[in-house]
Amino acid sequence: MAARACLALGLGAMLAGCSTPAPPPGPPTVYGPSLAMQVTASPPFDLATVAMDAVAGDIAADGRAHLLVRPKGSSQVQHRVVGPAGVGRRWVPAFEASGSLAVAFDEAGVLHAVAGRQHRVMRDGVWSEAQPGPPCLKLVRSGVSLYCGYLTGGDRFGQGWRIDLWPLMAPVPVPARIHKLVLACLGSEGWADVAVVEPALDRDTYQFAFAGDDGGALHVLYAWSRGMMFGKTGVSSAWLPPVVDCDERVRAGKLAAMAGETVFNSLADQVGYVFDVAADPGTGTSLNIGAFAGTTLEVFLRQSDRIGTTQLMETPDRRGPRFVGPVRAGAAGDDRFQVLVADTKFGSMVSTLYHLAFRDGAWSSPLAVGDTPTGILHNDAVQLFVDRRGNALAVWPEGTKSTLLRARWVVLPHGHPQRAEP
């Protein structure tokens with residue numbers, strides 16, 4: 001692929017409790033162009049004092065964040081509105097549901113929530129009864145339509161089965177079901193599947209992130225794997241061209257086949273990938289950020305089918321293995337992006353979450369947001385919700401048992417920050 005930049009952020013300890021002395025604490029050091037940007041952050045505030053099984057949300061047009069959470073060991077989903085000035089009103093029981101949570105506002109400002117196959121909407125503060133729909137793992141708005149991404153297996157979406165070789169006493173051929181990423185949209189007739197990733201290939205898609213823009217395009221990062229013995233894994237970037245609305249995609253009469261360009265490759269275990277994608281609503285430029293655990297964070301921009309470059313960024317030398325925790329990205333409008341990454345000191349059980357802003361190939365100085373437990377790659381309680389005005393709400397669990405849910409507003413300045421060469 002085209003040259004890509006690296007963001008190495010000193011991401012830390014796989015072996016907590018090691019007796020090796022930890023290096024001095026400090027934020028990751030960014031080399032290359034930097035942004036002369038003064039980021040404003042509120043003091044951290046508490047959201048809940050119990051561990052959460054799921055955290056999801058979105059920011060409304062009025063600048064308030066709507067959060068949905070489900071405590072561990074409970075089926076009760078709770079809803080809370082968090083204003084820019086502080087915590088906002090208390091948690092309110094919303095509905096009973098299990099499974100992952102996906103939340104997004106549609107063009108009309110109606111809040112949608114999905115848990116498993118149960119779809120609900122909130123109007124005038126009241127949640128509707130559950131309606132059946134696709135098992136969305138993520139909801140996004142693109143153009144005037146709402147889109148859902150989910151993983152499924154079977155012949156309906158291309159190749160349904162393959163033969164894997166399992167490493168027993170001797171290689172044993174075993175039938176394996178192939179799982180694919182499917183994108184659906186909400187049109188005038190309800191939900192409809194409109195695109196599938198790599199239908200002709202006999203490899204699994206097992207993890208993904210996607211984003212939309214005002215033009216109706218979809219920007220997708222997805223992780224794939226193939227085989228047990230002599231297998232291979234990777235992460236690819238794909239793009240679905242814009243349309244007027246969901247109904248136009250449905251009228252095409254067939255599923256769009258998406259095939260991406262591989263941007264990360266490894267022969268190691270598939271669970272080590274973390275990544276996210278955010279798309280500027282106006283320009284359609286997407287920021288793609290991701291890494292394989294123990295290595296560098298790769299960062300690149302994409303404009304339709306063109307993958308661009310950014311600069312190289314490094315960290316101070318630190319002893320011990322590096323470990324990448326959750327990575328979150330959001331679009332702040334005017335081709336500005338906000339990113340949340342974890343930086344773990346070797347031997348520590350705590351990771352520091354850092355916020356960075358990106359524009360025109362340059363990064364702001366890292367801002368320490370808070371601390372979260374080390375070693376959880378895919379921690380759904382770590383979230384970053386961003387709107388096009390530059391407002392972001394970072395949410396994370398604290399404590400060794402994640403029994404405190406905290407949050408903090410981060411606001412970018414208006415105008416055009418200038419690049420400053422070091």
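Residues numbered from 1 in each chain as written. Predicted model: local features only at pLDDT ≥ 70, side-chain atom pairs only at ≥ 80, totals over all residues. Heavy atoms only, no water.

### Some details on the overall build of the protein
On a plain count of helices and strands, the protein comes out with 1 helix and 37 strands. Within the span of the protein, comprising 422 residues, buried residues form 55% of the whole. For the protein, the proportion of contacts with a sequence separation of at least 24, taken over those separated by at least 6, is 59%. (Helix = DSSP H or I, 4+ residues; strand = E, 2+ residues; numbered from the N terminus. Buried < 20%, exposed > 50% of the residue type's maximum accessible area, 1.4 Å probe, protein only. Contact = heavy atoms within 4.5 Å.)

### Considerations on the environment of Ser351
Relative to the helices and strands, Ser351 resides in strand E31 (residues 350-359). Measuring from C-alpha to C-alpha, the distance between Ser351 and Asp371 comes to 5.5 Å, with 20 residues separating the pair along the chain.

### Structural notes on the pattern of salt bridges
The tally for this structure, following the rule as stated, stands at 8 salt bridges. Arg70 is paired through a salt bridge with Asp53; the nearest N and O atoms lie 2.8 Å apart. Of the two residues, Arg70 is situated in strand E6 (residues 65-71) and Asp53 in strand E5 (residues 52-59); the sequence distance between them amounts to 17 residues. Overall, Asp53 belongs to the partly exposed group, its relative accessible area being 39%. The residue Arg359 makes a salt bridge to Asp334 at a minimum N-O spacing of 3.4 Å. (Salt bridge = Lys/Arg side-chain N within 4 Å of Asp/Glu carboxyl O.)

### A look at the nonpolar core
Counting residues in hydrophobic clusters, the biggest one holds 19 residues, and the most contacted among them are Tyr147, Leu183, Phe210, Val220, Tyr222 and Met258. Where this core is concerned, the elements lending two or more residues are strand E18 (179-187), strand E19 (190-197), strand E20 (204-212), strand E21 (218-226) and strand E22 (232-240). Residue contributions to this core peak at 4 residues, all from E21. (Core = buried A, V, L, I, M, F, W, Y, C linked by side-chain atoms within 4.5 Å.)

### Some thoughts on the sheet that holds E5
Taken in spatial order, the 4 strands of this open sheet run E5-E6-E7-E8, and their pairing is antiparallel. Bordering the open sheet on either side are E5 and strand E8 (92-96), each of which pairs with just one other strand. Averaged over all pairs of adjacent strands, the angle between their axes in this sheet comes to 25°, without regard to strand direction. Pairing between E5 and E6: 7 bridges, direction antiparallel. Bridge pairing in E6 links Met52 to Pro71. (Pairing = 2+ DSSP bridges. Axes fitted to C-alpha atoms, helices over the stretch in contact; angles between N-to-C directions.)

### A short note on the environment of Val69
Residue position: Val69 is located in strand E6. For Val69, a relative accessible area of 1% corresponds to the buried category. For Val69, the contacting residues outside a window of four places in its chain are Met52, Ala54, Val55, Gln76, Val77, Gln78, Trp91, Leu101 and Leu405.

### Description of the side chain of Arg408
For Arg408, the position within the fold is in strand E36 (residues 404-411). For the buried residue Arg408, which engages in no salt bridge, the nearest side chain bearing the opposite charge is Glu398, 8.5 Å off. Within the local environment of Arg408, its side chain forms a polar contact with the backbone oxygen of Ala368, the two atoms lying 3.0 Å apart. Leaving out residues up to four positions away in the same chain, Arg408 has contacts with Ala41, Ser42, Pro43, Pro44, Phe45, Ala368, Val369, Ala392, Leu393, Ala394 and Trp396. (Lys, Arg positive; Asp, Glu negative; His and termini not counted. Polar contact = N/O pair within 3.5 Å; in protein donor to acceptor, adjacent residues only side chain to side chain.)

### Focus: the sheet that holds strand E23 (residues 256-258)
In space, the 5 strands of this open sheet follow the order E14-E15-E18-E19-E23, with mixed pairing throughout. Among the strands making up the open sheet, the edge pair consists of strand E14 (138-142) and E23. Averaged over all adjacent pairs, the angle separating strand axes in this sheet is 35°, with direction ignored. Here 5 bridges tie E14 to strand E15 (residues 145-153), and the two strands are oriented antiparallel to one another. Pairing of Lys138 across the sheet is with Gly149, part of E15.

### A few points about the state of the cysteines
Each disulfide consists of one covalent bond between the sulfur atoms belonging to two cysteines. Scanning the entire structure with this criterion turns up 2 disulfides. Each disulfide pairs two cysteine sulfurs, and for Cys136 the partner residue is Cys148, the sulfurs being separated by 2.1 Å. Note on the Cys136 and Cys148 pair: the S-S dihedral is about -110°, so by sign convention the disulfide is left-handed. Pair noted here: Cys136 is in the loop between strand E13 (131-132) and E14 and Cys148 is in strand E15, with a separation of 12 residues, a long-range link. For the pair shown, Cys136 and Cys148 are each scored as buried. (Disulfide = S-S within 2.5 Å.)

### Some details on the environment of Leu353
For Leu353, the position within the fold is in strand E31. Taking the C-alpha atoms as reference, Leu353 lies 4.5 Å from Ala342; in sequence the two are 11 residues apart. Residues within four places of Leu353 in sequence aside, it is in contact with Leu340, Val341, Ala342, Leu367, Ala368, Val369, Gly370, Thr372, Val382 and Trp396.

### A few points about the pairing of E15
Where burial is concerned, most of E15 is hidden: 8 out of the 9 residues are buried. Adjacent in sequence and paired antiparallel, E14 and E15 are bridged by 2 residues, among which Gly143 carries a positive phi angle near 65°. Pairing of E15 with E18, which is carried by 7 bridges, proceeds in the antiparallel orientation. Bridged to Thr152 within E18 is Lys180.

### Some points on unusual backbone geometry
We note that Glu198 has phi near 50°; this positive angle belongs to a residue other than glycine. Its place among the elements puts Glu198 in the loop between E19 and E20. For Asp334, which is not glycine, the phi torsion reads 60° and is therefore positive. Mapping Asp334 onto the fold places it in the loop between strand E29 (328-333) and strand E30 (336-344).

### Some remarks on the packing of aromatic side chains
In the structure shown here, the tally under the stated rule is 4 aromatic pairs. Seen from their ring centres, Phe337 and Phe358 are 6.5 Å apart, and the 50° between their planes marks the pair as tilted. Note that Phe337 is positioned in strand E30 and Phe358 in strand E31, a separation of 21 residues in sequence. What makes Phe337 buried here is its relative accessible area of 1%. With relative accessibility at 1%, the residue Phe358 sits in the buried group. Here the aromatic residues Phe337, Phe358 and Trp363 are joined through ring pairs into a cluster of three or more. (Phe/Tyr/Trp six-rings, centres within 6.5 Å; stacked < 30°, edge-to-face > 60°.)

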